[in-house]
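# Examining the three-dimensional arrangement
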Amino acid sequence: MSARPAGRKRSLAAAVRRVSVAIAQVSARLLPRGRADWAAAMVAEVRHCERGRDAIDWALGCVFAAVKERITSMVKGNLRISGWVAVPEMILCFAPLTLACVDAMQSLGMLLHSRVPVGPGDWAVVTAMAALGAIGPLALIGAFRLFFIEKPMRAPWCRAAVIAGPVLFGVLLLIQAAAGWLDASQFDFWCAVVLLSALPALGAAHLVHLSATAHPDRAVPGPLTHI
């Protein structure tokens, strides 16, 4: 009977060690290129931990250290990050604005087929939201061009548009809120400002910076690399 609990403990300890090693390996990938020695030491140390609890403690410490080092390098460096981090960042920043663009286009279609007279103000607001929201898919296309085929966003008007568009979208939301056109009971205003204006504007600024620092002469497409 005592052999079964002992076997379970060994199995649990082995599972904890495998999870710890996996966490350490992910932490190592988060580190900047210049910290390759840290990455190797993280994984090696977690493999030498005798107890599962020590291994998981070390692995979690590696996560915090790697995230801190990555943030420090981005603040002090040139904001260059690996593609596997940048792609989710761009999706998070521009997907809500893309959905807002789709919603505005649907609203335009409804206005076109509406039998109720629609004022010029409604037309102007919905058209402006559709036009500004189009920055979302435009920025996503630019991001994927940069990350997958290494074609940076070079046109000055395009760089200005992807940053100004979300900002103007936020201004439009503020105007609608001030005019009382938004139903506060059905619309989380500040959440919308963050998701549809502030976050896309920050993502656009980062995308423009990455495009400006990309290698202009690199023409060979490749997988996600450090950008």
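Look a little higher up for the structure.
Calculation criteria
- Residues numbered from 1 in each chain as written.
- Predicted model: local features only at pLDDT ≥ 70, side-chain atom pairs only at ≥ 80, totals over all residues.
- Heavy atoms only, no water.
- Helix = DSSP H or I, 4+ residues; strand = E, 2+ residues; numbered from the N terminus.
- Contact = heavy atoms within 4.5 Å.
- Areas by Shrake-Rupley, 256 points an atom, 1.4 Å probe, with all protein chains shown as cover.
- Patch = residues over 30% accessible without salt bridge, like charges linked within 9 Å, V, L, I, M, F, W, Y side chains within 5 Å.
- Salt bridge = Lys/Arg side-chain N within 4 Å of Asp/Glu carboxyl O.
- Buried < 20%, exposed > 50% of the residue type's maximum accessible area, 1.4 Å probe, protein only.
- Core = buried A, V, L, I, M, F, W, Y, C linked by side-chain atoms within 4.5 Å.
- Disulfide = S-S within 2.5 Å.
- Axes fitted to C-alpha atoms, helices over the stretch in contact; angles between N-to-C directions.
- Parallel < 35°, antiparallel > 145°, perpendicular 65-115°, else oblique.
- Nonpolar A, V, L, I, M, F, W, Y, C, P; charged D, E, K, R; others polar.
- Left-handed = near helix turned anticlockwise from the far one by under 90°.

Along its length, the chain carries eight helices and zero strands. Restricting the contact set of the chain to residue pairs at least 6 apart, pairs at least 24 apart contribute 75%. Surface accessibility of the chain: about 13,700 Å² in total, with carbon and sulfur atoms responsible for 68%.

Moving on: a nonpolar patch on the surface. There is a patch of nonpolar side chains on the surface, built from I163, V167, L168, V171 and I175 and spanning about 380 Å² of accessible area. Note on placement: L168 falls in helix 7 (residues 156-179). The exposure class assigned to L168 is partly exposed, which follows from its relative accessible area of 46%.

A word on the nonpolar core. One finds F94, F147, V162, F169, L173, L196 and L207 to be the most contacted residues of the largest nonpolar core, which totals 27 residues. Secondary structure elements with two or more residues in this core: helix 4 (83-112), helix 6 (135-148), helix 7 and helix 8 (189-212). Per-element accounting of this core gives the leading share, eight residues, to helix 8. Residues contacting L207, with those up to four places away along its chain left out, are M90, A139, A143, L146 and M153. If you look at the next biggest cluster of nonpolar residues, it comprises 13 residues, including L31, M42, V43 and A66.

What follows covers the state of the cysteines. One pass over the full model with this rule turns up zero disulfides. C49 provides the cysteine sulfur closest to C62, a residue in no disulfide bond, and the two sulfurs are 8.6 Å apart.

Within the secondary structure, S197 is located in helix 8. Once residues within four sequence positions are removed from consideration, S197 is found in contact with P166, V167, G170 and A192.

Moving on, we get to the packing of helix 5 (residues 120-133) against helix 6. Interaxial distance between helix 5 and helix 6 falls to 5 Å at its minimum, and their mutual angle equals 5 degrees. On the basis of the axis angle, helix 5 is roughly parallel to helix 6. Facing A131, L132 and G133 of helix 5, the residues of helix 6 in contact are I135, G136 and P137. In terms of residue class, the contact of helix 5 with helix 6 is made up of four nonpolar, two polar and no charged.

A separate point is the environment of A13. Relative to the assigned elements, A13 resides in helix 1 (residues 3-30). Its relative accessible area of 32% is what places A13 among the partly exposed residues. Taking the C-alpha atoms as reference points, A13 and A55, separated by 42 residues in sequence, lie 9.8 Å from one another.

Each pair of packed helices can be described by the angle between their axes along with the distance between the axes. Taken N-terminus to C-terminus, the directions of helix 7 and helix 8 make an angle of 170 degrees; their axes are 8 Å apart at the nearest point. Relative to helix 8, helix 7 is oriented roughly antiparallel. Read as a crossing pair, helix 7 and helix 8 show a hand that is left-handed. Every residue of helix 8 that contacts helix 7 at R159, V162, I163, P166, V167, F169, G170, L173, L174 and A177 is listed here: F189, A192, V193, L196, S197, P200, A201, A204, A205, V208, S211 and A212. The class makeup of the residues in the contact of helix 7 with helix 8 is 18 nonpolar, three polar and one charged.

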